[in-house]
Amino acid sequence: MASTLFFLAYLKRRNTLLSKEIQVRKAAEHQLVLSNSRYETIFRSSVLGIAIVDYDGRICHVNEAWCRMTNYSAEELCTMNITDLIAPESRHVDDEQLQALKEGRIASYSMDKKYLRRPLSPGDRDFFYSKMVLTKIWDSSTDSTLTMSMVTDVTREVLDAEAVSRSEERFRKIIGQ
């Protein structure tokens, strides 16, 4: 009889502990769902072009802003390598920083970069200038490290600055005569 009471007390205690553990896990799952929801909302609605890329350069995931910048669909982009979208003169400008990021010596870096885009009509530019921030992220579903680039199109600003520079040069030539 005493052993039966002891066993029932033991089961009640274990049941209480399991109930508390279930509550903790449910709360953690709820927080994870909220976190994923926030991430997806930010990813989808960002005005920054965002591309998730593996260490071999394969594009894994892009947002709509990145699609608009490049004039490719998400499905097309996810069959491409990121180097396919980087202008030849910009392909190796960040090799040292990218290696430092991969090795964990830096957490992120930013730079100006020129990307290629698909022209939609004759006369469209086949490139755009950007400010890019690259950071390392962890993908728990594949147990791998990826990079996330966040890009803003600064083509208008770059072209305006070039036009001002040309105008100043012409002005100097006129004044210098």
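For the structure given in this document, a descriptive report is provided here. For every chain, the first residue of the written sequence is number 1, and numbering continues from 1 onward in sequence order. At least 70 in pLDDT is required for a residue's local features to be given in this predicted model, at least 80 for side-chain atom pairs to be given and counted, and no such filter applies to totals for whole chains, interfaces and linings, which use all residues. With hydrogens and water set aside, each side-chain value is computed from the structure's full complement of heavy atoms.

Attention now moves to the environment of Met1. Here a helix means four or more residues in a row that DSSP labels H or I, a strand means two or more in a row labelled E, and each is numbered from the N terminus. Note that Met1 resides in the segment before helix H1 (2-45). Linking Met1 and Ala107, residues 106 residues apart in sequence, is a C-alpha distance of 63 Å.

For the rest of this paragraph, the subject is the packing of aromatic side chains. The pairing test for Phe, Tyr and Trp rings, Trp by its six-membered ring, is centres within 6.5 Å, and the orientation test on the planes gives stacked under 30 degrees, edge-to-face over 60, and tilted for anything in between. Evaluation of the coordinates by the stated rule reveals 5 aromatic pairs. For the pair Trp66 and Phe128, a centre-to-centre distance of 6.3 Å together with 75° between the ring planes defines the contact as edge-to-face. On the criterion of sequence distance, the pair formed by Trp66 in helix H2 (residues 64-70) and Phe128 in strand E4 (residues 127-139) is long-range, its members being 62 residues apart. Working definition: with a 1.4 Å probe on protein chains only, accessible area under 20% of the residue-type maximum means buried, over 50% means exposed, and in between means partly exposed. Residue Trp66 is classed as buried on the basis of its relative accessible area of 0%. Overall, the relative accessible area of 0% leaves Phe128 in the buried class. Residues Tyr115 and Phe128 carry aromatic rings whose centres are separated by 5.5 Å and whose planes lie at 20° to one another, so their mutual orientation is stacked. Separated by 13 residues along the polypeptide, Tyr115 in strand E3 (residues 108-116) and Phe128 in strand E4 bring together distant segments of the chain. Side by side, Tyr115 and Phe128 carry an identical accessibility label, which is buried. Taken together, the aromatic side chains of Trp66, Tyr115 and Phe128 make up a single cluster linked through ring pairs. Seen from the ring of Tyr55, Lys102 lies directly overhead, with NZ or CZ sitting 5.2 Å from the centre. Lying over the aromatic face of Phe127, Lys114 brings its terminal NZ or CZ to 4.3 Å of the ring centre. Whether a charge sits over a ring depends on NZ of Lys or CZ of Arg being within 6 Å of the ring centre and within 35 degrees of the ring normal.

For this analysis, a salt bridge means a side-chain nitrogen from Lys or Arg found within 4 Å of a carboxyl oxygen belonging to Asp or Glu. Across all of its chains, the model carries 13 salt bridges by this definition. Of the charged contacts in the structure, one is a salt bridge between Asp56 and Arg58, with a shortest N-O distance of 3.3 Å. The exposed category is assigned to Asp56, whose relative accessible area is 54%. One network of salt bridges, with partners in common, ties together Asp54, Asp56 and Arg58.

This next bit is on the environment of Tyr55. Tracing the chain through its elements places Tyr55 in the loop between strand E1 (49-53) and strand E2 (59-62). Along the chain, Tyr55 and Glu21 lie 34 residues apart, while their C-alpha atoms are 38 Å from each other.

Quick look at the nonpolar core now. Of all hydrophobic cores here, the largest spans 20 residues; its most connected members are Ile59, Trp66, Leu77, Leu85 and Tyr115. Listed in part, the 5 residues of the second largest apolar core include Phe43, Ile50, Ile52 and Met148. As used in this record, nonpolar core signifies buried Ala, Val, Leu, Ile, Met, Phe, Trp, Tyr and Cys residues forming a set joined through side-chain atoms within 4.5 Å.

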